[in-house]
Amino acid sequence: MDSATTTSVEAPTGTASLRRPDNAKEPDATTTAPNGHGRGEKKAPAIKKYRHITAVHSESRPSTLSHDTRASPSFLGFRNLMYGNLICLTCHDFRRKDVVLGFLLYVLVPCHLFIAYSFEWYAAKQARISRAHSVSKGGSTSPTEDQQAKFESTWRSIRTAHLFNATLALAVHSWVVYFHIHHPLIGTITELHVIIVYMKVVSYALTNRDLRHAYLHPVKNELTILPGLYTQCPYPQNITMGNLTYFWWAPTLVYQPVYPRSENIRWVFVLKRLGEVVCLSVFIWFCSAQYAAPVLWNSLDKIDHLDLLSIVERLLKLSTISLIIWLAGFFALFQSALNALAEIMRFGDRAFYDDWWNSAGLGDYWRLWNKPVYQFMKRHIFSPLISRGWNMTSASVAVFFVSAVLHELLVGIPTKNIIGVAFMGMVIQIPLIWVTRVFEKMKGPNGRLIGNCIFWVSFTILGQPFAALVYFYAWQAKYGSVAKRMALNKTSTLA
């Protein structure tokens, strides 16, 4: 108790001055020096016992961050925390080779878009010649058999060139990521960029194919199905370098000659969104390093010995932090980054997602959470298959198969472990969608409530945490501590 008394009395002359820069005084502290002698005043009686009577709440004060605070709060501490985190980031194993290769691939991958542009430029040139020749002969509103055959032959050649270009982009750059980029983060960013460009090349080729067909053969029905928006830039006027460059940077995977545009750029809005991206990126890194990584490390020996109960326990521990990280990543990408990019590009359609958190089933979730990918899959895979006579179930299976392959490439190649977990994670969504569809069709709120609960359970426990455990263990088994332990065991066995 004496030590507590001394601390309470001497605090105003010591560390407490950092917290109270004002001139507020406490009666005992001003009349008694630390050595017990007065400063030109009467000697006050020594306090031998602490009394729990200090007026802690002596005046009305607002919270530091309230709007009615008397002084603007300082955020220097957060600045120091940011600097510390940035310093720690430099301690990671970002090899120079990985950074250089990642940058080179970022520059080289978009070249395949411009290769696709060269194919379409040649096709548009031939289309102009064919159209002029047809008009000079009086033309026909419907193609003859010879014209149709010639068009199909030309399209097959262009399609082969586009297919080779897109496949080359995906295969070669994925090979470089798998064999030459060691760091998983740099590899993931690079592979994601490769897949995005691949999908844009496919959309650019397929869309211009149909626009070219309508241009060469202006049948009444074909002209009416073209969106009215496209009249602002009809084919082949859209085959320009500027038009392709805009599509390259636009936050969409679906090509259109024209997009809805905003009137101007709000640079303050852009800076706010970029600030959110930076802060959320640091938050994600902090949560990953401080909470997710220890759980993953502690899971290695449990997985190695197939301790199922402990694995389930680690899985449940990981589910909470992985959900927080995923939500932060979702907001950083779809709300902040894409909105900032859309504002810079004056891209008007900002519906990058809908309220997926209210999904009554897995089907709703996959339609709502990632609208750019959903729109690509529906426009270029699902709808064409339906028009060819496929039923909805078969077309949906085809869509999820393509999505499963792309997910496996995105996760397996950067981690150097193409083990099929991401692929099966997407494929298993199909029966889960069928199960939750029953609840979606139920009348009343109970059906949607049950479906939403099933969605969250599968999302938070059976999805990302399980995949994170498996791929982390696979990485460690190949390059990390598990691989070293396996090598030591093998050496000791041989000895």
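So, a few notes on the structure that sits alongside this text. Residue indices begin from 1 for each chain and proceed along its sequence in written order. Local features in this predicted model are restricted to residues of pLDDT 70 or higher, and side-chain atom pairs are both shown and tallied only at a pLDDT of 80 or more, whereas totals for entire chains, interfaces and linings draw on every residue. Hydrogens and water are ignored here; the side-chain numbers use all heavy atoms of the structure.

The next subject is helix α5 (residues 96–108). Relative to the 18 Å expected for 13 residues at 1.5 Å per residue, α5 spans 18 Å between its end C-alpha atoms, a close match to the ideal helical length. If you check which residues of α5 are buried, you get Asp-98, Leu-101, Gly-102 and Leu-105. The buried residues of α5 all sit within an arc of 105° when viewed along its axis, so they share a single face. In α5, the exposed residues that point more than 90 degrees away from the buried face are Arg-96 and Phe-103. Under the scheme used here, helices are H or I runs from DSSP no shorter than 4 residues and strands are E runs no shorter than 2 residues, and both carry numbers assigned from the N terminus. The length a helix should cover is 1.5 Å for every residue beyond the first. Residue burial is assigned from relative accessible area. The probe radius is 1.4 Å, only protein chains are included, and a residue is buried under 20% of its type maximum, exposed over 50%, and partly exposed in between. Here, the arc refers to the directions that run from the helix axis to the C-beta atoms.

Now for the nonpolar core. By nonpolar core we mean a set of buried residues, namely Ala, Val, Leu, Ile, Met, Phe, Trp, Tyr and Cys, connected to one another through side-chain atoms within 4.5 Å. Tyr-204, Trp-356, Tyr-365, Trp-366 and Trp-369 are the most contacted members of the largest nonpolar core, which has 66 residues in total. Per-element tally for this core: the top contributor is helix α8 (residues 184–216), with 10 residues. The contact definition used throughout considers only heavy atoms, calling two residues in contact when any of these lie within 4.5 Å. Not counting chain neighbours up to four residues away, the residues in contact with Tyr-204 comprise Ala-116, Tyr-117, Glu-120, Ile-239, Leu-244, Phe-247 and Tyr-255.

Let us look at the environment of Leu-410. With respect to the helices, strands and loops of the structure, Leu-410 is situated in helix α15 (residues 392–412). Note: C-alpha distance between Leu-410 and Thr-188 (222 residues apart in sequence) is 6.5 Å. Among all residues touching Leu-410, those that are not within four sequence positions of it are Thr-188, Glu-191, Leu-192 and Ile-195.

Here the focus is the packing of aromatic side chains. Aromatic pairs are defined between Phe, Tyr and Trp rings, using the six-membered ring for Trp, whenever the two ring centres lie within 6.5 Å; interplanar angles under 30 degrees are classed as stacked, those over 60 as edge-to-face, and all others as tilted. Applying the stated criterion to the full structure yields 31 aromatic pairs. Considering the side-chain rings of Tyr-204 and Phe-247, the 6.4 Å spacing of their centres and the 15° angle between planes classify their relative orientation as stacked. One end of the pair, Tyr-204, is in helix α8; the other, Phe-247, is in helix α10 (residues 241–249), with 43 residues separating them in the sequence. Here the two residues Tyr-204 and Phe-247 agree in accessibility, since each one is buried. Ring geometry for Phe-330 and Trp-356: centres 5.3 Å apart, planes at 75°, overall edge-to-face. Note that Phe-330 is positioned in helix α12 (residues 308–345) and Trp-356 in the loop between α12 and α13 (362–368), a separation of 26 residues in sequence. The same class applies to Phe-330 as to Trp-356, namely buried. Through a chain of ring-to-ring contacts, three or more aromatic side chains come together here, namely Trp-326, Phe-330, Phe-334, Tyr-353, Trp-356, Trp-357, Tyr-365, Trp-366, Trp-369, Phe-400, Phe-455 and Trp-456. Only when the NZ of Lys or the CZ of Arg is both within 6 Å of the ring centre and within 35 degrees of the ring normal is a charge said to sit over the ring. The side chain of Arg-131 reaches across the aromatic face of Tyr-215, ending 4.9 Å from its centre. One Lys or Arg, Arg-273, reaches over the ring of Phe-269 and ends 4.7 Å from the middle of that ring.

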